[in-house]
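# Examination of the molecular architecture
What follows is the residue order along each chain.
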Amino acid sequence: MNFHVLTLFPEMIMQGLGTSIIGRAMDKGIISLEAVNIRDYTINKHKKVDDYPYGGGAGMLMQAQPVFDAWKAVLCKIQSEGSAGAKVIYVTPKGRTFHQAMAKEFAKEENLIFLCGHYEGIDERVLEEIVTDYISIGDYVLTGGELPAMVMIDAISRMVPGVLSNKDSGETESFSNYLLEYPQYSRPEIWHNKRVPEVLLSGDHKKVDEWRLEQSIEKTREKRPDLYEKWAEENQEYFIKKAKKEARQRKKMKK
Ligand code: ADE
């Protein structure tokens, strides 16, 4: 996976993503990251990339020309390396909200181009020509697109095979099936008078799996009822099985 970020602050992107798991994946060559400075492509002799919006209004807009030429340079490079093209993700609060399933889908691409806006946005005409996906990271407004781009690149990278050391840890965690992750515990067995749940010390893997699923369901119901509803709708058989099991247990008790 090759990430290309069109930005006015390339050092922010490179510094923000160069460490830890993503940094290691870059060192290993599983992913690559380049930050392209839009300012390098302006034809304005003062290196200006913004101007006033027609019709008036607050702030400045990023102009079409430098954005288009920066994109064109990246596209030419991608094509010279044998790829047909790449999706262009414009990070904007006006987009669809990013989620885990999107991260998984984008992780299948060979190249992704992120376009980061600043000031009051970007001239609509260049967006119409180059953007394939308008994506937001949530219903709030940030000062620029760099942080959202980094958030998405991190989430997408984790879904690229080989980036996480434990090959299925991206599958079992929160959101992979609408459920939030179960609670986890490490040494010591007692901390601040709190014991690690007994079942986790039992060595009975079936029981541990059952307990973890129950915890996931309960945590999701409590903290994200919207996700719980979706999960419940797709997992009716869980409730049927559970009701049967409870009925069997009641019968046993009566005997
Ligand atoms: N740019 C500014 N705010 C944003 C947000 N919430 N999501 C994506 N891009 C943004």
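See the structure printed just above.
No experiment lies behind these values; they were computed from the predicted model shown.

A word on the packing of helix α8 (residues 205-223) against helix α9 (residues 225-234). Packed helix pairs are specified by the crossing angle of their axes together with the interaxial distance, meaning the distance between the axes. The geometry of α8 relative to α9 is characterised by a closest axis approach of 6 Å and an angle of 130° between their N-to-C directions. On the basis of the axis angle, α8 is oblique to α9. Across the interface between the two elements, I217, T220, R221, E222 and K223 of α8 pack against P225, L227, Y228 and W231 of α9.

Around the ligand, the neighbouring residues are V91, T92, P93, I135, S136, I137, G138, Y140, V141, L142, G144 and P148. In the environment of the ligand, a nitrogen atom lies 3.0 Å from a nitrogen or oxygen atom belonging to the backbone of I137. The backbone of Y140 places a nitrogen or oxygen atom 2.7 Å from a nitrogen atom of the ligand. Burial of the ligand by the protein amounts to 96% of the accessible area it has alone, namely 260 Å². Secondary-structure elements contributing two or more residues to the shell around the ligand are β5 (87-97) and β7 (133-136). Residue contributions to the shell around the ligand peak at 3 residues, all from β5. Its residues assigned to classes, the shell around the ligand comprises 8 nonpolar, 4 polar and no charged.

The interhelical angle for the contact between helix α1 (residues 10-17) and helix α6 (residues 146-158), taken along N-to-C directions, is 35°, at an axis separation of 10 Å. As for how α1 packs across α6, the hand of that crossing is right-handed. Across the interface between the two elements, M12, I13, G16 and L17 from α1 touch E146, L147, M150 and I153 from α6.

Per the counting criterion, the structure on display carries 11 salt bridges. Note that K87 is salt-bridged to E109, the shortest N-O span being 3.7 Å. Note that K87 is positioned in strand β5 and E109 in the loop between α4 (100-106) and β6 (111-116), a separation of 22 residues in sequence. Look at E109 and you get partly exposed, because its relative accessible area is 26%.

Inspection of every chain in the model, using the stated rule, returns 6 aromatic pairs. Pairing F68 with W71 gives two aromatic rings, centres 5.3 Å apart and planes at 50°, and the pair type is tilted. On the criterion of helical spacing, the pair formed by F68 and W71 is a turn pair, its members being 3 residues apart in helix α3 (residues 64-80). Judged by its relative accessible area of 26%, F68 is partly exposed. With 5.4 Å between their ring centres and 85° between their planes, Y238 and F239 make a pair best called edge-to-face. Aromatic ring contacts, followed pair by pair, group W231, Y238 and F239 into a single cluster.

This part takes up unusual backbone geometry. Here the bond from R187 into P188 is cis, since omega is 5°, no more than 30 degrees from zero. Along the chain, P188 falls in the loop between α7 (169-172) and β8 (190-191). In this structure, K47 is a non-glycine residue whose phi angle is positive, near 65°. With respect to the helices and strands, K47 occurs in the loop between β2 (32-37) and β3 (50-51). Take K47: its relative accessible area is 41%, and that puts it in the partly exposed class. Phi at Y178 is positive, roughly 80°, even though this residue is not glycine.

Criteria and thresholds
Residues numbered from 1 in each chain as written. Predicted model: local features only at pLDDT ≥ 70, side-chain atom pairs only at ≥ 80, totals over all residues. Heavy atoms only, no water. Axes fitted to C-alpha atoms, helices over the stretch in contact; angles between N-to-C directions. Helix = DSSP H or I, 4+ residues; strand = E, 2+ residues; numbered from the N terminus. Parallel < 35°, antiparallel > 145°, perpendicular 65-115°, else oblique. Contact = heavy atoms within 4.5 Å. Near = heavy atom within 4 Å. Polar contact = N/O pair within 3.5 Å; in protein donor to acceptor, adjacent residues only side chain to side chain. Areas by Shrake-Rupley, 256 points an atom, 1.4 Å probe, with all protein chains shown as cover. Nonpolar A, V, L, I, M, F, W, Y, C, P; charged D, E, K, R; others polar. Left-handed = near helix turned anticlockwise from the far one by under 90°. Salt bridge = Lys/Arg side-chain N within 4 Å of Asp/Glu carboxyl O. Buried < 20%, exposed > 50% of the residue type's maximum accessible area, 1.4 Å probe, protein only. Phe/Tyr/Trp six-rings, centres within 6.5 Å; stacked < 30°, edge-to-face > 60°.

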